[in-house]
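# Coordinate inspection notes
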Amino acid sequence: MKCGIKIPAQIGYGVLACDLGREWDESGRVAANILSLGYLWNVIRVQGGAYGCGLRLGPTASAAYSFRDPTPARSLTMYREAADFLRSFVDSGERIDKFVISTISDTEPLMSPRDEGAVADGRWFSGKTEEDLRRERAQILATDGEKLLTWCPVLEHMADGAVAVVAHDEALKACEAEGIVIAD
């Protein structure tokens with residue numbers, strides 16, 4: 001599916017998404033964190049002028065997105081280069097510990113007693129056990145360059161995924177190469 005929706009604004013929103021196409025493990029959270037903070041933030045937010053962007057890898061799907069983006073067509077191109085960035089990142093030998101710590105922080109935030117109760121309820125209703133949480137944390141902590149590289153095929157698969165762009169007419173025309181169908 002490739003869809004474009006015209007809006008009367010000078011900014012846009014661009015998403016590229018697909019099914020996961022592999023078995024999930026928590027190293028995907030670290031890969032998404034590296035790509036969101038180390039790559040997309042620079043090429044889409046800083047250089048491209050979008051208000052925000054990111055990449056999510058989850059148990060069933062992956063998605064890269066930008067919002068309040070003046071150039072969503074450019075952002076779609078940048079999403080497709082994410083696998084190359086991840087390979088370069090791993091090859092550079094840069095330490096991943098700060099991204100692992102950041103990922104743990106995302107999964108284990110400080111919470112008020114009210115929030116703790118709500119999270120406990122959600123875990124109980126979804127059937128998530130303490131053992132599941134320990135396993136997930138261990139997978140995050142065990143993430144290394146080799147595990148990060150296993151996410152490159154997912155990112156390459158995402159390049160052929162569904163596209164959605166919500167933007168003004170000129171930005172949608174710039175996305176014509178994507179083969180989007182514009183809905184009025």
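Quick caveat, the model's predicted, so the values are computed rather than measured.

## A word on the environment of Arg22
Here Arg22 shows up in the loop between strand S2 (12-19) and helix H1 (27-46). When its relative accessible area of 25% is taken as the criterion, Arg22 is described as partly exposed. Those residues in contact with Arg22 that lie beyond four places of it in its chain are Thr150, Trp151 and Val154. One polar contact links Arg22 to Thr150, side chain to side chain, over a distance of 3.0 Å.

## Thoughts on the sheet that holds S2
An order of S3-S4-S2-S5-S1-S6 is seen for the six strands of this open sheet, with the pairing classed as mixed. The open sheet terminates on both sides in strands that have one partner only, identified here as strand S3 (52-57) and strand S6 (181-183). Strand-to-strand, the axes of this sheet are offset by a mean angle of 10°, without reference to chain direction. Bridge analysis of S2 against strand S5 (residues 162-167) gives five bridges, and the strand direction is antiparallel. Directly across from Val15, in S5, lies its bridge partner Ala164. Sheet strands in contact with H1 are S3 and strand S4 (61-69), and its direction is about 160° off that of S3. Seen against the sheet, helix H2 (residues 72-80) touches S2, S4 and S5 and runs at an angle of roughly 30° to S2.

## Remarks on the side chain of Ser66
Its location among the elements puts Ser66 in strand S4. There is a polar contact of 2.7 Å between the side chain of Ser66 and the side chain of Asp69. The residues touching Ser66, leaving out its near neighbours within four places in the chain, are Tyr13, Gly14, Ile44, Ala50, Gly52, Cys53, Ser75 and Tyr79.

## Concerning helix H3 (residues 82-92)
Within H3, burial applies to Ala82, Ala83, Leu86 and Phe89. For H3, the buried positions fall inside an angular range of 120° around the axis, keeping them on one side. Residues of H3 that are buried in the fold lie against H1, H2, helix H4 (97-107), helix H7 (145-149) and helix H8 (152-158). Of the residues flanking the end of H3, it is Gly93, one or two places downstream, whose phi is positive at about 80°.

## Structural notes on the nonpolar core
Side chains that are nonpolar tend, in soluble globular proteins, to be buried together. Core analysis: the biggest nonpolar cluster contains 44 residues, and Leu55 and Leu86 have the highest contact counts within it. Here this core takes nine residues from H1, the largest share from any one element. Excluding its chain neighbours within four sequence positions, the residues that come into contact with Leu55 are Ala32, Leu35, Ser36, Leu40, Ala63, Ala64, Tyr65, Leu155 and Met158.

## Some remarks on the state of the cysteines
Per the counting criterion, the structure on display carries zero disulfides. Of the cysteine sulfurs around Cys18, a residue in no disulfide, the closest is that of Cys152, at 14 Å.

## Side note on the packing of H1 against H4
Packing of H1 against H4 brings their axes to within 9 Å, and their N-to-C directions diverge by 110°. Relative to H4, H1 is oriented roughly perpendicular. Touching Arg29, Val30, Asn33, Ile34, Leu37 and Gly38 of H1 are Phe99, Val100, Ser102, Thr103, Asp106 and Thr107, all from H4. When its residues are assigned to classes, the contact of H1 with H4 shows five nonpolar, five polar and two charged.

## A few points about H4
Of all the residues in H4, the buried ones are Phe99, Val100, Thr103 and Ile104. In a view along the axis of H4, the buried residues occupy a sector of 140°, so they form one face of it. The inward-facing, buried residues of H4 contact H1, H3 and helix H6 (130-141).

Rules of the game
- Residues numbered from 1 in each chain as written.
- Predicted model: local features only at pLDDT ≥ 70, side-chain atom pairs only at ≥ 80, totals over all residues.
- Heavy atoms only, no water.
- Helix = DSSP H or I, 4+ residues; strand = E, 2+ residues; numbered from the N terminus.
- Buried < 20%, exposed > 50% of the residue type's maximum accessible area, 1.4 Å probe, protein only.
- Contact = heavy atoms within 4.5 Å.
- Polar contact = N/O pair within 3.5 Å; in protein donor to acceptor, adjacent residues only side chain to side chain.
- Pairing = 2+ DSSP bridges.
- Axes fitted to C-alpha atoms, helices over the stretch in contact; angles between N-to-C directions.
- Arc of directions from axis to C-beta.
- Core = buried A, V, L, I, M, F, W, Y, C linked by side-chain atoms within 4.5 Å.
- Disulfide = S-S within 2.5 Å.
- Parallel < 35°, antiparallel > 145°, perpendicular 65-115°, else oblique.
- Nonpolar A, V, L, I, M, F, W, Y, C, P; charged D, E, K, R; others polar.

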